[in-house]
Amino acid sequence: MELTGAEIVVRCLQEEGVEYVFGYPGGAVLYLYDELFKQDKVKHILVRHEQAAVHAADGYARAQDRKPGVALVTSGPGVTNAVTGIATAHMDSIPLVIITGQVPTPAIGQDAFQECDTVGITRPCVKHNFLVKDVKDLAVTIKKAFYIASTGRPGPVVVDVPKDVSIAKTEFHYPETVSMRSYNPVTKGHAGQIKKAAQLILEAKRPMIYTGGGVILSNASALLTELVRMLGFPCTNTLMGLGAYPATDPLFLGMLGMHGTYEANMAMQHCDVLLAVGARFDDRVIGNPKHFYNEERKIIHIDIDPSSISKRVKVDVPIVGNVPDVLEELLKLLKASKEKPDQQALKTWWTQIELWRSRDCLKYDRAAAVIKPQYVLEKMYEITKGDAFVTSDVGQHQMWAAQFYKFDKPRRWINSGGLGTMGFGLPAAMGARLANPKATVACVTGEASIQMCIQELSTCKQYHLPIKIVNLNNRYLGMVRQWQEFFHGNRYAESYMDALPDFVKLAESYGHVGMRIEKPADVEGALKEAFALKDRLVFMDFITDQTENVFPMIPGGKGLSEMILV
Amino acid sequence: MRHIISLLLENEAGALSRVSGLFSARGYNIESLSVAPTEDATLSRMTVVTTGSDDVIEQITKQLNKLIDVVKVVDLNEGEHIERELMLVKVRASGKDREEMKRMADIFRGRIIDVTDKTYTIELTGTGEKLDAFLQGLERSSILETVRTGASGIGRGERILRV
Ligand SMILES: Cc1cc2nc3c(=O)[nH]c(=O)nc-3n(C[C@H](O)[C@H](O)[C@H](O)COP(=O)(O)OP(=O)(O)OC[C@H]3O[C@@H](n4cnc5c(N)ncnc54)[C@H](O)[C@@H]3O)c2cc1C
Ligand SMILES: Cc1ncc(C[n+]2csc(CCOP(=O)(O)OP(=O)(O)O)c2C)c(N)n1
Ligand SMILES: [Mg+2]
């Protein structure tokens, strides 16, 4: 039987087992929406802005390990609104399939109503994109999109479907598999290289294990944890890697990087063998590479993307491969080896690390009369028993959440690291909650960031998404203010948030519960009350210290051991 | 250093812009770029001439390999290779210049492929350097128009780039 393009799209989504499509309708996708309407396998979540559709699909993808996220938007402004979301997912390597409507093929290039060059606009911020000009190519293209998005180094894939293609008919056949001669992601690492890595690990006197988003993306936390514990080596995670190794474990040194802990950054700088796993030596992680080279160390780097290796930092033992495959091999070799790392040296190294740790770099004033943001997060950690899915926006609150909420499990910490997109937190929380329908989901945000996708409070109402919004309201673009304080002579150019809405009333007007908390003594009670309201969205507006800064901090252009400490 | 990078890519709409977009987005140089379908109509062969340090060239080849439409990438500088470029030059060829132009074309093994009373159009192939040398050998004012294809490269001997 012949199906229309629109029917085919929906059938493909069903075949892929897609639970949710996050989207927003418009002229170019009317036929697609008509088909969605006629079935109930694939549920549609109507967001209030296309940026949020993509962030929500992204949050959904990050919060579970089974499927990519899916978004659907119309042509022209639907697409341009979605671009921020797509770029956000691209920078953090999140598997998404974004279906975009396009004007009918004969109208392409005619400056047609709501036409934009979707493939051109999104090209630099997708893993791949397709324009489907013939309905016969539609099913196989969607298959390829899911395949490309979720294999290798994951990423967003856009499929642009012109309106006439959604009407045209063809025989439907969904391929079980696809193979592409130009795309064959590696899995196994090179055996010789893994052997070299094992040798280096066994010879290490001051070892360090540094892991990133790649461990989360490839679901390799258990293997990583086994490796770290077996070796007794110190471990640090990037902002994207938090939760890959249990944060409450003594071998964990906390996050590293610009706002990483003193002990993690010092150990990173002074180790003699560094094992980097699924992490990309970002500029916010190692700071100035020249300074990093001041100390000598051997570096082993496991990454599925060859272009992540030796990009910013030259490495000694590159291993191109899938984290779990490589770690399994590495574990096998280490277990079989008669040699063991030098325990005496390791003990000396740990003594040094504990000394760094005793610097207590995350301390803050606990006796303050105003609410300290760190305190809110510590309490939130206690009250949620460390078991919530926590999304965040971008700014100081994001860094404090990363520092103070101890993630023991992967995929619990969901934030925009690479692009640093304000507005990410709330829609991402919607996706995370839909992926985990019973879980506690909190969105840690700031009064500026939350306003970038505030309209999604309406979506949360419609779909009963009882997210707990923890607004650390410092009446400042806090992260901007901090840089202005440190590096621009306290000139707070445009970083004050004036004319803020009454967030309590705002939440209430959307049909949610609002709370304002102004005193440190009320923090704990408010959090308890809010998190106990299992089926309501609660917007907690914490009026926090306006002048608090995030420490430690490595200023731009400085190296790992050149932190500003509190 | 100057490198010649050869690619095989899917002969798909937009594949070229993925490559050129990569170069501009990441700030890599393109000295020249030439592309055409191969004997297998589903594939295009592209030659990109670029310059950069070893680290940059390494990133360029890795990033090119990452593009989904790119099937194979070879840095021809990794071995012996041959490079050729085609140039068409329209020159003033009247009066005493006419003989001189013919002589120049012969010296450089060029061919005159179009003739009018006042002009010759000369076809010349060779390395970029040879083409430069030819142009430098001419009086500047006698050059009316030039068009060059950019280099095409191929490995020497048994080295073969195919799927
Ligand atoms: C305000 C702000 C402050 C920040 N401060 C910090 C900071 O202090 N510390 C910090 O760490 N970050 C910080 N960041 C985040 C930073 O910008 C980067 O996003 C982050 O450091 C990158 O993390 P990553 O190296 O783990 O790489 P990711 O972006 O998570 O990339 C994952 C890597 O793993 C690889 N990979 C993917 N899948 C696999 C697989 N299956 N097998 C093998 N490899 C795979 C990929 O190829 C890639 O190289 C900050 C961001 C913001 C917005
Ligand atoms: C879309 C976007 N615009 C601008 C920025 C730059 N920026 C980074 S943090 C920040 C301030 C965020 O303020 P707020 O949400 O109140 O968080 P705080 O730092 O105060 O905790 C800004 C403007 C950004 N990251 N994203
Ligand atoms: Mg703020």
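Residues numbered from 1 in each chain as written. Chains lettered and ligands numbered in written order. Predicted model: local features only at pLDDT ≥ 70, side-chain atom pairs only at ≥ 80, totals over all residues. Heavy atoms only, no water.

Residue and element names in this part refer to chain A. Close to ligand 1 lie 37 residues, the nearest being T238, H259, R280, D303 and N322. Side-chain polar atom of T238 to an oxygen atom of ligand 1: 2.7 Å apart, as the coordinates give it. Starting from 990 Å² of accessible surface for ligand 1 in isolation, the protein chains cover 97%. At the level of secondary structure, the elements contributing two or more residues to the shell around ligand 1 comprise α9 (213-217), α12 (283-286) and α17 (396-404). With 3 residues, the top contributor of residues to the shell around ligand 1 is α9. In terms of residue class, the shell around ligand 1 is built from 14 nonpolar, 17 polar and 6 charged. (Near = heavy atom within 4 Å. Polar contact = N/O pair within 3.5 Å; in protein donor to acceptor, adjacent residues only side chain to side chain. Areas by Shrake-Rupley, 256 points an atom, 1.4 Å probe, with all protein chains shown as cover. Helix = DSSP H or I, 4+ residues; strand = E, 2+ residues; numbered from the N terminus. Nonpolar A, V, L, I, M, F, W, Y, C, P; charged D, E, K, R; others polar.)

Across the contact, 19 residues belong to chain B and 17 residues belong to chain A. Summed over both partners, the interface of chain B with chain A buries about 1400 Å², with 46% contributed by carbon and sulfur atoms. Three residues, R18, K62 and I68 of chain B, lead the burial of chain B against chain A; their summed loss comes to 44% of the area buried on that side. For the interface between chain B and chain A, the tally reads 4 salt bridges. Along the contact surface separating chain B from chain A lie 12 residue pairs in polar contact (both at pLDDT 80 or more). (Contact = heavy atoms within 4.5 Å. Buried area = accessible area lost by both parts, 1.4 Å probe. Salt bridge = Lys/Arg side-chain N within 4 Å of Asp/Glu carboxyl O.)

For an α-helix the count is 3.6 residues per turn, leaving residues at separations of three or four pointing the same way. Residues and elements named next belong to chain B. Within helix α4 (residues 128-137), burial applies to G128, L131, F134 and L135. When α4 is viewed along its axis, its buried side chains cluster within an angular range of 125° and face the same direction. In α4, the exposed residues that point more than 90 degrees away from the buried face are E129 and Q136. In this fold, the buried residues of α4 make contact with β5 (81-92), α3 (97-107), β7 (119-126) and β8 (143-148). (Buried < 20%, exposed > 50% of the residue type's maximum accessible area, 1.4 Å probe, protein only. Arc of directions from axis to C-beta.)

Excluding glycine, most residues fall at negative phi; most peptide bonds, likewise, are trans. Residues and elements named next belong to chain A. The step from F551 to P552 runs through a cis peptide bond, and the omega angle for that step is -10°. You will see that D360, though not glycine, has its phi angle at about 50°, which is positive. Position of D360 among the secondary structure elements: in the loop between α15 (343-357) and α16 (373-383).

Residues and elements named next belong to chain B. Domain annotation of chain B identifies domain 1 (2-79) and domain 2 (82-152). With centres defined by C-alpha atoms, the gap from domain 1 to domain 2 works out at 29 Å. The partner domain 2 presents 5 residues to the 7 residues of domain 1 that form the contact. With both chains or domains summed, domain 1 and domain 2 bury close to 420 Å², and 47% of this area falls on carbon and sulfur atoms. Linking domain 1 with domain 2 are 1 salt bridge, by the criterion used here. The salt bridge involving E83 is made with R2; its shortest N-O contact spans 2.6 Å. At the boundary of domain 1 with domain 2, the tally comes to 3 residue pairs in polar contact (both at pLDDT 80 or more). With 3 residues, the top contributor of residues to the side of domain 1 that touches domain 2 is strand β2 (residues 32-37). (Domains from an automatic or database assignment.)

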